[in-house]
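Analysis of the macromolecular model
So you can see what is in the structure, the chains are spelled out below.
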Amino acid sequence: MVQTMANIRDAVDAVIAAVMAQKDYLTAVDAKTGDGDHGLNMARGFAAAEERLAELPPDAPLAEVLHHIGRAFIENVGGAAGPLYGIAFVRAGEAVSGKTRLDVASFEKLFTAGIDAIQRRGKAVRGDKTMLDTLIPIRDAFLPENAEGKSLRECIEDALEAGRTGAEYTKTIAARRGRAALIGARSIGIEDPGAMSSLIMFRALCGYLRG
């Protein structure tokens with residue numbers, strides 16, 4: 001289980017590789033309800049992030065790594081994904097500033113900070129068919145009342161299952177935020193691209209942590 005800052009960059013690389021591999025899928029899903037640019041925007045954001053991270057020392061702290069990923073999205077990606085993921089990464093980094101180990105509490109803090117930032121900027125809530133339908137269930141697995149007596153690995157596995165369930169749930173509801181809201185009930189049956197990109201990122205992180 002990865003718990004120290006020395007492994008952060010490798011974990012980020014695994015997440016970036018997963019998003020790049022699923023770029024066309026995310027774009028295809030988004031094309032069913034929106035602009036059809038979500039996969040392209042995610043790839044653009046992480047390509048810019050890779051350039052920024054290459055300038056950092058290999059042992060840069062987690063807070064700094066997350067900050068630079070966030071700034072890369074904010075400065076290089078339009079649409080909804082850039083500002084929302086961008087501010088989420090930045091605020092998540094601030095929440096774990098000074099941390100030298102990744103533990104259950106760290107995951108809860110960074111996800112809570114990111115979710116709060118997304119909610120403030122996007123004015124969405126769980127059930128609106130957005131990335132929050134994946135991110136909130138993931139975060140909840142790390143809350144004290146759900147994590148008590150569990151190891152970090154157990155919490156991560158619980159979070160991944162909750163994230164999968166949340167992403168799948170978006171197929172069953174109508175969009176109430178973003179461009180997809182314009183087609184309302186016709187969005188039922190289609191997964192939300194933001195929920196899926198969130199799941200792809202966390203699933204890749206879990207895969208790396210297991211390794």
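Let us look at the structure shown here. The structure presented is a predicted model; accordingly, all values stated were derived computationally and were not measured. (Residues numbered from 1 in each chain as written. Predicted model: local features only at pLDDT ≥ 70, side-chain atom pairs only at ≥ 80, totals over all residues. Heavy atoms only, no water.)

1. Some details on helix H2 (residues 23-33)
Operational definition: When a residue's accessible area, from a 1.4 Å probe over protein chains only, is under 20% of the maximum for its type it is buried; when over 50% it is exposed; and in between it is partly exposed. Going along the chain from the N terminus, every DSSP run of H or I of four or more residues is numbered as a helix, and every run of E of two or more is numbered as a strand. Relevant arc is that of directions from the helix axis to the C-beta atoms, nothing else. Only heavy atoms matter for contacts: two residues are in contact if any of them lie within 4.5 Å across the pair.
All of the buried residues in H2 are Leu26, Thr27, Val29, Asp30 and Thr33. Along the long axis of H2, the arc covered by the buried residues comes to 165°, so they all point the same way. Summarising the geometry of H2, the exposed residues directed more than 90 degrees from the buried face are Asp24, Ala31 and Lys32. Where the residues of H2 are buried, they touch helix H3 (38-53) and helix H10 (193-210).

2. Observations regarding the packing of aromatic side chains
The cut-off we apply is this: Only rings of Phe, Tyr and Trp enter the pairing, Trp through its six-membered ring, and a pair is recorded when the two centres are within 6.5 Å. The plane angle decides the type: under 30 degrees is stacked, over 60 is edge-to-face, the rest tilted.
Under the criterion given, the structure shown has 8 aromatic pairs. Between phenylalanine 46 and phenylalanine 73, the ring centres sit 5.0 Å apart and the planes meet at 85°, which makes this aromatic pair edge-to-face. One end of the pair, phenylalanine 46, is in helix H3; the other, phenylalanine 73, is in helix H4 (residues 62-76), with 27 residues separating them in the sequence. Accessibility assignment for this pair places phenylalanine 46 and phenylalanine 73 in one class, buried. Relative to phenylalanine 142, the ring of phenylalanine 111 lies with its centre 6.3 Å away and its plane at 5°, an arrangement referred to as stacked. Of this pair, phenylalanine 111 sits in helix H6 (residues 104-122) while phenylalanine 142 sits in the loop between helix H7 (132-140) and helix H8 (144-147), placing them 31 residues apart in sequence. Each of the two residues, phenylalanine 111 as well as phenylalanine 142, counts as buried. Clustering of aromatic rings is evident, with ring pairs tying together Phe46, Phe73, Tyr85 and Phe89.

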